[in-house]
Number of protein chains: 2
Amino acid sequence: MATIYDVAKRANVSAMTVSRVINNGSSIKESTRLRVEKAIKELDYIPNRSAQSLISKDTKLLSLLITDVANPFFTSIARGAEDKAHEKGYQLVFSNSDENIEKETSYIRSAVSRGIDGMLLTPSGDFSIQNINILTKYKIPFVLVDRSLKGIESDIVHGDNSDGTKKLMDHLFENGHRTIGFVTGPSSISNVRERGDAYKQFIKDNKLPFNEKWTFQTDLARMQTLSYINLLLEASKEDRPTAILCSNNFLAADLVNNMNKMGLHVPDDISVVCFDDPHAIQMPNSFFTVVNQPAYKFGYTGMEMLIDRIEGKSGKEHKEIVYDTELIIRQSTKKIN
Amino acid sequence: MATIYDVAKRANVSAMTVSRVINNGSSIKESTRLRVEKAIKELDYIPNRSAQSLISKDTKLLSLLITDVANPFFTSIARGAEDKAHEKGYQLVFSNSDENIEKETSYIRSAVSRGIDGMLLTPSGDFSIQNINILTKYKIPFVLVDRSLKGIESDIVHGDNSDGTKKLMDHLFENGHRTIGFVTGPSSISNVRERGDAYKQFIKDNKLPFNEKWTFQTDLARMQTLSYINLLLEASKEDRPTAILCSNNFLAADLVNNMNKMGLHVPDDISVVCFDDPHAIQMPNSFFTVVNQPAYKFGYTGMEMLIDRIEGKSGKEHKEIVYDTELIIRQSTKKIN
DNA sequence: CTGTTAGCGCTTTCAC
DNA sequence: GTGAAAGCGCTAACAG
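Residues numbered from 1 in each chain as written. Chains lettered and ligands numbered in written order. Predicted model: local features only at pLDDT ≥ 70, side-chain atom pairs only at ≥ 80, totals over all residues. Heavy atoms only, no water.

Undergrad: A description of helix α9 (residues 190–205) of chain A should follow, citing residues and the corresponding values.
TA: All names here are of chain A. The end-to-end C-alpha distance of α9 is 22 Å, a good match for the 22 Å that 16 residues give at a rise of 1.5 Å each. Turning to α9, the residues buried within the fold contact α8 (161–174), β6 (180–184), β7 (215–217), β8 (243–246) and β9 (271–275). One or two steps after α9, the chain reaches K207, where phi turns positive at roughly 50°. (Helix = DSSP H or I, 4+ residues; strand = E, 2+ residues; numbered from the N terminus. Expected span 1.5 Å × (residues − 1). Contact = heavy atoms within 4.5 Å.)

Undergrad: So what about the nonpolar core? Which residues, and what values?
TA: Residues A:L64, A:L120, A:M303, B:L64, B:L120 and B:M303 are the most contacted members of the largest nonpolar core, which totals 49 residues. Counting residues in each nonpolar core, the second largest holds 40 residues, with A:L65, A:L121, A:F142 and A:L144 among its members. (Core = buried A, V, L, I, M, F, W, Y, C linked by side-chain atoms within 4.5 Å. Buried < 20%, exposed > 50% of the residue type's maximum accessible area, 1.4 Å probe, protein only.)

Undergrad: Tell me about the domain arrangement of chain A, residues and numbers included.
TA: Domain assignment breaks chain A into domain 1 (4–43), domain 2 (52–159 + 295–323) and domain 3 (161–293). Using only C-alpha atoms to locate each centre, domain 1 of chain A and domain 3 of chain A end up separated by 63 Å. (Domains from an automatic or database assignment.)

Undergrad: A description of the protein's contact with DNA strand C should follow, citing residues and the corresponding values.
TA: Near DNA strand C, the surroundings consist of 25 residues, among which A:T17, A:R20, B:I4, B:M16 and B:Y45 are the closest. Taking all atoms of DNA strand C within 4 Å of the protein, the share assigned to sugar and phosphate is 64%. The separation between a phosphate oxygen of DNA strand C and a polar main-chain atom of A:S14 is 2.9 Å. Between B:N23 and DNA strand C, the recorded distance is 3.2 Å, taken from a side-chain N or O atom to a phosphate oxygen. (Near = heavy atom within 4 Å. Polar contact = N/O pair within 3.5 Å; in protein donor to acceptor, adjacent residues only side chain to side chain.)

Undergrad: Describe in detail the protein's contact with DNA strand D, supporting the description with residues and values.
TA: Residues in close proximity to DNA strand D total 26 residues, the closest being A:I4, A:S19, A:Y45, B:T17 and B:R20. In this structure, B:T32 approaches DNA strand D through a side-chain N or O atom, which is 3.1 Å from a phosphate oxygen. For the surface near DNA strand D, the secondary-structure elements that each account for two or more residues are α1 (4–11), α2 (15–22) and α4 (49–56) of chain A together with α2 (15–22) and α4 (49–56) of chain B. Considering every element that reaches the surface near DNA strand D, the biggest residue donor is α4(A), with 4 residues.

Undergrad: Explain the pattern of salt bridges to me, using residue names and the numbers behind them.
TA: Using the criterion set out here, one finds 37 salt bridges over all chains in the structure. A salt bridge links A:R330 to A:D277; the shortest N-O distance between them is 2.5 Å. Within this pair, whereas A:R330 is found in the segment after β12 (326–328), its partner A:D277 is found in the loop between β9 and β10 (289–292), the two being separated by 53 residues in sequence. Among the salt bridges present, the one from B:R309 reaches B:D155, with a minimum N-O distance of 2.6 Å. Of this pair, B:R309 sits in helix α12 (residues 295–310) while B:D155 sits in strand β5 (residues 155–159), and the two are 154 residues apart along the sequence. The class of B:D155 is buried, set by a relative accessible area of 1%. By sharing partners, the salt bridges in this structure join A:D68, A:D98, A:K103, B:R79 and B:D83 into a single network. (Salt bridge = Lys/Arg side-chain N within 4 Å of Asp/Glu carboxyl O.)

Undergrad: Can you tell me about the state of the cysteines, naming the residues and giving the values?
TA: All names here are of chain A. According to the stated counting rule, one finds 0 disulfides over all chains in the structure shown. Not part of a disulfide, C246 finds its nearest cysteine sulfur in C274, a span of 6.3 Å. C246 gets classed as buried once you look at its relative accessible area, which sits at 0%. (Disulfide = S-S within 2.5 Å.)

Undergrad: Summarise the interface of chain B and chain A; cite the residues concerned and give the values.
TA: At the interface, 59 residues of chain B touch 58 residues of chain A. In total, chain B and chain A occlude about 5,300 Å² of area from one another, counting both sides; carbon and sulfur atoms represent 56% of this. Counting the surface chain B buries against chain A, the share from its top three residues, B:R79, B:Q91 and B:R114, is 14%. Summed over the shared surface of chain B and chain A, the result is 7 salt bridges. Two residues, B:R79 and A:D68, come together in a salt bridge whose shortest N-O distance is 2.8 Å. Counting the contacts that link chain B with chain A gives 20 residue pairs in polar contact (both at pLDDT 80 or more). (Buried area = accessible area lost by both parts, 1.4 Å probe.)

Undergrad: Got a sec to walk through the sheet that holds strand β4 (residues 142–145) of chain A? Specific residues and values, please.
TA: If you walk across this open sheet you meet the 12 strands as β11(A)-β5(A)-β4(A)-β3(A)-β1(A)-β2(A)-β2(B)-β1(B)-β3(B)-β4(B)-β5(B)-β11(B), and the pairing is mixed. Each edge of the sheet is formed by a strand with only one pairing partner; in this case those strands are β11 (320–323) of chain A together with β11 (320–323) of chain B. Adjacent strand axes in the sheet meet at a mean angle of 20°, parallel and antiparallel pairs treated alike. Pairing analysis gives 3 bridges linking strand β4 (residues 142–145) of chain B to β5(B), with the strands arranged parallel. Within β5(B), the residue paired with B:V145 across the bridge is B:V157. Packing of helix α6 (residues 101–114) of chain A onto the sheet brings it into contact with β1 (61–66), β2 (91–96) and β3 (118–121) of chain A together with β1 (61–66) and β2 (91–96) of chain B, and relative to β1(A) it is tilted by some 175°. (Pairing = 2+ DSSP bridges. Axes fitted to C-alpha atoms, helices over the stretch in contact; angles between N-to-C directions.)

Undergrad: With reference to specific residues and values, describe the pairing of strand β8 (residues 243–246) of chain B.
TA: All names here are of chain B. The alternating pattern of β8 places A243 and L245 on one face and I244 and C246 on the opposite face, and all of these are buried. Pairing of strand β6 (residues 180–184) with β8 involves 4 bridges; the strand directions are parallel. Counted as the bridge partner of G181 is I244 from β8. Across 4 bridges, the pairing between β8 and strand β9 (residues 271–275) is parallel. Bridging from a neighbouring strand, I244 pairs with V272 of β9. Of the crossover connections in this fold, the one passing from β8 over helix α11 (residues 249–261) to the parallel β9 is right-handed. (Right-handed = clockwise from strand over helix to strand, strands pointing away.)

Undergrad: Describe the relation of the copies chain B and chain A, with residues and values.
TA: Superposing chain B onto chain A takes a rotation of 179° combined with a translation of 0.5 Å along the rotation axis, leaving an RMSD of 0.7 Å. Seen this way, the second copy is the image of the first under a two-fold rotation axis. For chain B, the residue whose C-alpha comes nearest the rotation axis is B:V93, separated from it by 1.9 Å. (Least-squares fit on C-alpha atoms with pLDDT ≥ 70 in both.)

Undergrad: Residues and numbers for a nonpolar patch on the surface, please.
TA: Residues and elements named next belong to chain A. A cluster of nonpolar side chains, L226, L233 and M262, forms an exposed patch at the surface whose accessible area comes to about 230 Å². Within the secondary structure, L226 is located in helix α10 (residues 225–234). Judged by relative accessible area, L226 falls into the partly exposed class, the value being 39%. (Patch = residues over 30% accessible without salt bridge, like charges linked within 9 Å, V, L, I, M, F, W, Y side chains within 5 Å. Areas by Shrake-Rupley, 256 points an atom, 1.4 Å probe, with all protein chains shown as cover.)

So, in structure tokens, the structure goes:
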């Protein structure tokens, strides 16, 4: 592997001159520049970033820590983040925390060790604060995506969870649904909380029947929707919900898959709605009625905020960007009388 | 950010001793080890990887270069690759080449510059050989995924393209289809070629009508299926294909979306099949009849091969892993008489 | 416009 | 068991 000295020798200049050529540094005589560039090409010289980073203290490496790339919502975030990072000359290390706090800790520690310039992350829950503290301690800029953290001031980009929930509930209400169940994740996650609050608020505002029984909370990584379905099956048709609101796409997919297995048909027996599309590609006959969030923009804008902060282009105060959600009515909901 | 010298000073030892403690190096007196560990904890010292890499020549950083994470096929590869990398203590930089050779070159150059230990990649086409040469030149191990490269010997993991195509064609044939169109990508991509060959072979073997007109080749990044659809619309119902084989999922999604816009209904007017699921989550009412490839395993096993090679656990000869495909019959195909 | 010197944070080599 | 010196590949700071 050729070093800067090899190039220097070949071009009959000092290493410093080569360095200047590489970094478009101060004025260099055209003839020497050409000689150096020729030598670079001939030796196929590629600068060693580790050596550069050792001096500059930056690595042009960013970290993207999400729950699971395989979830189309996060896939889009990842794509958006990578696009912006690439645009700005950064590269992206990605990690899947799987909603697991220990995994998150270990990823953050190795990211710090690697000297990443910043991190874009979806914290797995309020416990993540201890991990965020590592970043703060090492003065590593970070931006939160999709989930906020109680008591943590930071740049953040997320969707309008309350309004999104309301849109979903409105849609169900307009279609005649009155008893509406709720399948959700752990309340240590901010958006889960916000969606839950909006759900309860809607029920109160519209004086809908409420039974705690129809609210089901499960782990987002290991979903146990089957027990909820059993509850539905045990209840009489009059008692059980005619519609279910799921607080995320994977949950909804798991629920509906299991319902089908157990002989409950969507939307004929029960309507189902959720946040975020379970499908990356928009198909004319997609199944789920959803409130969609602009996930790509979450990643793209979040990355932009992060890089701005890294490069000192953000003010002292933290920025919060909230995106509107969009209701897309499809086949998983049905009007009832 | 604390350095090894800060720790050394605090523990009253030399930097060398601290280094030995960090790396579980040779014998150290228990008491000094404890003193050093205490200092490390107190200072919250995390070793600087750039400095380590400058000496050791390895980074524990791997690169994943794929076409587009947003394509569910590649999403699964990414997830599989990250899982294995994490298992083995490596981190993953990911990049989207978008089938663009220049982007690919630039990503490979920065990966090399970064000193990655190895690369798992889906080359954008046969031109990628020039990029592969960079890796070879710098002796960076790599494993090919999904696509081979003419004349390049390397570790590789991919699906059985011929057999997959045959499964799809068999299915169409059994459902009465005789005039079968083919929508595909550039022939510089190995699997596109292999699928095309298998398609032609099937037509020949079964003495099906063949008209060059119904084979349409387009760019995989900027698909132009509309012009093909116009061709279909101009033709009489007797002449045009009753089914279309798409060589990949994005192509199929784009085609069907456009067909719907133009008033051609799938499967009522025309059946459509393709390789790879356009949806990451398996839904009971998914649309496409596909031949699915175990994409997660592509990533997981590919990464395993890569790490084995990096760590010198592979033999001299290159390994090729070919996975079987699985036909999944869904709603995009229909029996005709 | 170009070169010299020193040093980033760590580990290898060789002493003791 | 432990340390001192040298150097990995690069660039900041200064000199010329």
